[in-house]
Amino acid sequence: MSIIVNNIHKGFSGTEIIKDISFEFEKGKTNLIIGQSGSGKSVLTKCIVGLYEVDSGEVIYGGENFSAMNKAERKKIRTQIGMLFQGSALFDSYSVEENVMFPLTMFSDMSKEEMLDRVNFCLKRVELENKNHLYPSELSGGMQKRVAIARAIALNPNYLFCDEPNSGLDPKTSIVIDNLIYDLTKEYDITTVIITHDMNSVMEIGENIMYIHEGENWWTGDKHSIVTTDNKEISEFVYASEFMKQLRGKLS
Amino acid sequence: MIGQAFKKPEKWSVLRKNTVLEINSIGISSLSIVALLSLFMGAVMVIQTAANIDSPIIPAYTVGFATRESILLEFSSTMICLILAGKVGSNIASEIGTMRLTEQIDALEVMGVNSINHLVLPKIVAAIFIFPFLVLLSMGLGLIGGGLIGTQTGIITLEKYIMGLQYYFDPFSIWYSLIKTLFFAFFIATIPSYFGYYVNPSGGALEVGRSGTKSVVASSMAILILNLIITYFLLL
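What you see is a predicted model, and the numbers here were worked out from it, not measured in a lab.

The rules behind these values
Residues numbered from 1 in each chain as written. Chains lettered and ligands numbered in written order. Predicted model: local features only at pLDDT ≥ 70, side-chain atom pairs only at ≥ 80, totals over all residues. Pairing = 2+ DSSP bridges. Helix = DSSP H or I, 4+ residues; strand = E, 2+ residues; numbered from the N terminus. Contact = placed C-beta atoms within 7 Å. Nonpolar A, V, L, I, M, F, W, Y, C, P; charged D, E, K, R; others polar. Axes fitted to C-alpha atoms, helices over the stretch in contact; angles between N-to-C directions. Parallel < 35°, antiparallel > 145°, perpendicular 65-115°, else oblique. Left-handed = near helix turned anticlockwise from the far one by under 90°. Core = buried A, V, L, I, M, F, W, Y, C linked by C-beta atoms within 7 Å. Buried ≥ 20, exposed ≤ 12 C-beta atoms within 10 Å, placed from the backbone. Arc of directions from axis to C-beta. Expected span 1.5 Å × (residues − 1).

Q: Break down the pairing of strand 10 (residues 216–221) of chain A for me, citing the residues and quoting the values.
A: Pairing geometry for strand 9 (residues 208–213) of chain A and strand 10 of chain A, over five bridges, is antiparallel. The residue bridging His213(A) from the neighbouring strand is Glu216(A), located in strand 10 of chain A.

Shown next as structure tokens:
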């Protein structure tokens, strides 16, 4: 089930941040929203998941108009959404096990044993077996992200959102997280939306990419077309460093 | 916010579990400060009352009587709740404010959890449940503290002190204090929750600190105003 956004507008205090964005986030693919800092990536994502109400336009989840739903109707969709936040957003006072178990406790009728099995399965999937009783403060940044991913997939979501999954991580750990998100997308055939400005991520897992510039959808494509595009803005974003510019010169 | 807080919880078992945790966090952890304050304030009241009564026509048991009235009517409910507004209020505001800052509240909302209900209702229930016990404890310890200092320093004999405590005792004084405490508990739980929940996340740690301060000032003001209103309606 894909996510379609149609002509979304969103502003704050008279300033329009998102300007008429339309896009289809495809099922079974890693859909990337990229752009410079302050371009409106996070605001757009918060509009899609309903943390912000759009000023106009619509967000459609699997054919159902999310924007037109009331709170109770949205809840049904929300239980199908898993989200990985920029800072992981793990509950500090809960252990790893309790964090991953939280959505199961709230929205499933599983017995305690079944929930524990599911938690262990999810933790194993993100390669964090036997870390059940540690607290978020005892984990590294990469481990926290993986716990957050385990929590996000606990309820077998149809939609996975990842807000800057690599922020604060070293390049090697970033690739581990990217590959994990990619593998989960394929394994469960879910619609994954990733917000990033990390070009390593784009080149690693960018299957369906939207480039946002000052709140507008400037370009769409995939990781292959992004390196060859003639669009000046995109080129400056992709080849931002002097080294990359020289590399591009040599390649061309 | 209050409307959202009192909506039907997603799971009653989760509310129960969270309420027990909150009782421990905002109630049990305040036991020592309440006990210490009450013992010392009771002792100070006895000394001050005795020091201000130098007329031979005023009976000695008046010291016990005056201490009882001060502790039961005002100190154990209003003063202790003001202290708790500082201790518990800043704790609640900074806890919820930090959750807002670190996107934990967004995480709850995205999952489909009513975050206000999940975070605030257990605090309200816990405060309303545990604060009356803290106030009763404070009353007992305040009177004991006064008795201890009075008898140990020779200000008053134990018999006279107890006679003063029993003199014209109206049990309604205790009910009056407990009724006030229920209102205070509600505001001590909700006002800081409001300031924490609606903290501006772009303000960072500074804003969380400010929300803590604002919440303590606002809850203290609410307690003082409520104290006046409830006293007017219950005692006049």
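Q: Can you lay out the pairing of strand 2 (residues 15–25) of chain A for me, pointing to particular residues and giving the numbers?
A: Where strand 1 (residues 3–12) of chain A and strand 2 of chain A come together, seven bridges link them in antiparallel fashion. Note on strand 2 of chain A: the bridge partner recorded for Val5(A) is Phe23(A).

Q: An account of the interface of chain A and chain B is requested, with residue identities and associated values reported.
A: Counting residues at the interface gives 15 residues for chain A and 13 residues for chain B. Those elements giving two or more residues to the side of chain A that touches chain B turn out to be helix 2 (71–78), strand 6 (81–84) and helix 3 (96–107) of chain A. Sorting elements by how many residues they give to the side of chain A that touches chain B places helix 3 of chain A first, with four residues. Per-class residue counts for the side of chain A that touches chain B are ten nonpolar, three polar and two charged.

Q: Tell me about the packing of helix 4 (residues 62–101) of chain B against helix 9 (residues 204–235) of chain B, and please be specific about residues and values.
A: All names here are of chain B. Two elements in contact, helix 4 and helix 9, have axes whose closest approach is 8 Å; the angle formed by their N-to-C orientations is 150°. With respect to helix 9, the axis of helix 4 lies roughly antiparallel. The crossing of helix 4 and helix 9 is right-handed. Seen from helix 4, the contacting residues are Thr78, Cys81, Leu82, Ala85, Gly86, Gly89, Ser90, Ala93, Ser94, Gly97, Thr98 and Leu101; seen from helix 9, they are Gly204, Val208, Ser211, Gly212, Ser215, Val216, Ser219, Ser220, Ile223 and Asn227. Here the residues of the contact of helix 4 with helix 9 sort into eight nonpolar, 14 polar and no charged.

Q: Can you explain the nonpolar core? Please cite residues and give values.
A: Counting residues in hydrophobic clusters, the biggest one holds 123 residues, and the most contacted among them are Met83(A), Val100(A), Ala150(A), Phe161(A), Ala127(B) and Ile188(B). Those residues within four positions of Ala150(A) in sequence are excluded, and the remaining contacts are Val100(A), Cys122(A), Leu123(A), Arg125(A), Val126(A) and Leu128(A).

Q: Describe the sheet that holds strand 6 of chain A, and please don't skip the residues or the numbers.
A: Residue and element names in this part refer to chain A. Read from one edge of the open sheet, six strands run 6-7-8-3-9-10, paired in mixed fashion. Strands at the two margins of the open sheet, each flanked by one partner only, are strand 6 and strand 10. Put simply, the sheet's adjacent strands are angled 20° from each other on average, direction ignored. Bridge count between strand 3 (residues 30–34) and strand 8 (residues 191–196): five bridges; the pairing is parallel. Following the sheet pairing, Ile33 is matched in strand 8 by Ile195. Relative to the sheet, helix 5 (residues 141–153) contacts strand 6 and strand 7 (159–163), its axis offset from that of strand 6 by approximately 170°.

Q: Lay out the sheet that holds strand 1 of chain A in plain terms, naming residues and giving numbers.
A: Taken in spatial order, the four strands of this open sheet run 2-1-4-5 (chain A), and their pairing is antiparallel. The open sheet has two edge strands, strand 2 and strand 5 (64–65) of chain A, and neither has a second partner.

Q: With reference to specific residues and values, describe helix 7 (residues 158–166) of chain B.
A: Residue and element names in this part refer to chain B. Taken as a whole, helix 7 has its buried residues at Tyr161, Gly164 and Leu165. Angular distribution of buried residues about the axis of helix 7 spans 100°; they occupy a single face of the element. In helix 7, the exposed positions that point more than 90 degrees away from the buried face belong to Glu159 and Gln166. Against helix 4 and helix 6 (115–152) lie the buried residues of helix 7. Count one or two residues on from helix 7 and you reach Tyr168, which has phi positive near 50°.

Q: Give a description of helix 5 of chain A that names residues and reports values.
A: Because an α-helix packs 3.6 residues into every turn, residues spaced three or four apart end up facing the same way. Residue and element names in this part refer to chain A. Counted at 1.5 Å a residue, the expected span for helix 5 with its 13 residues is 18 Å, and the 19 Å between its end C-alpha atoms agrees. Here helix 5 lies mainly inside the structure; ten of its 13 residues are buried. For helix 5, the complete set of buried residues consists of Gln144, Lys145, Arg146, Val147, Ala148, Ile149, Ala150, Arg151, Ala152 and Ile153.

Q: Go over unusual backbone geometry with me, naming the residues and quoting the values.
A: The phi torsion at Asp20(A) lies on the positive side, around 55°, for a residue other than glycine. By the secondary structure assignment, Asp20(A) is in strand 2. In the Ramachandran plot, Tyr168(B) falls in the positive-phi region, its phi being about 50° despite a non-glycine side chain. Position of Tyr168(B) among the secondary structure elements: in the loop between helix 7 and helix 8 (172–197).

Q: Provide a residue-level description of the packing of helix 8 of chain B against helix 9 of chain B, including the pertinent values.
A: Packed helices, taken two at a time, are described by the angle between their axes plus the distance between the axes. Residue and element names in this part refer to chain B. The contact between helix 8 and helix 9 brings their axes to 9 Å, and the two run at 155°. Here helix 9 runs roughly antiparallel to helix 8, going by the angle between their axes. Crossing angle aside, the handedness with which helix 8 passes helix 9 is right-handed. Seen from helix 8, the contacting residues are Tyr176, Ile179, Lys180, Phe183, Phe184, Phe187, Ile188, Ile191, Pro192, Phe195 and Gly196; seen from helix 9, they are Ser211, Lys214, Ser215, Ala218, Ser219, Ala222, Ile223, Leu226, Asn227, Ile230, Leu234 and Leu235. For the contact of helix 8 with helix 9, the per-class residue count stands at 16 nonpolar, five polar and two charged.

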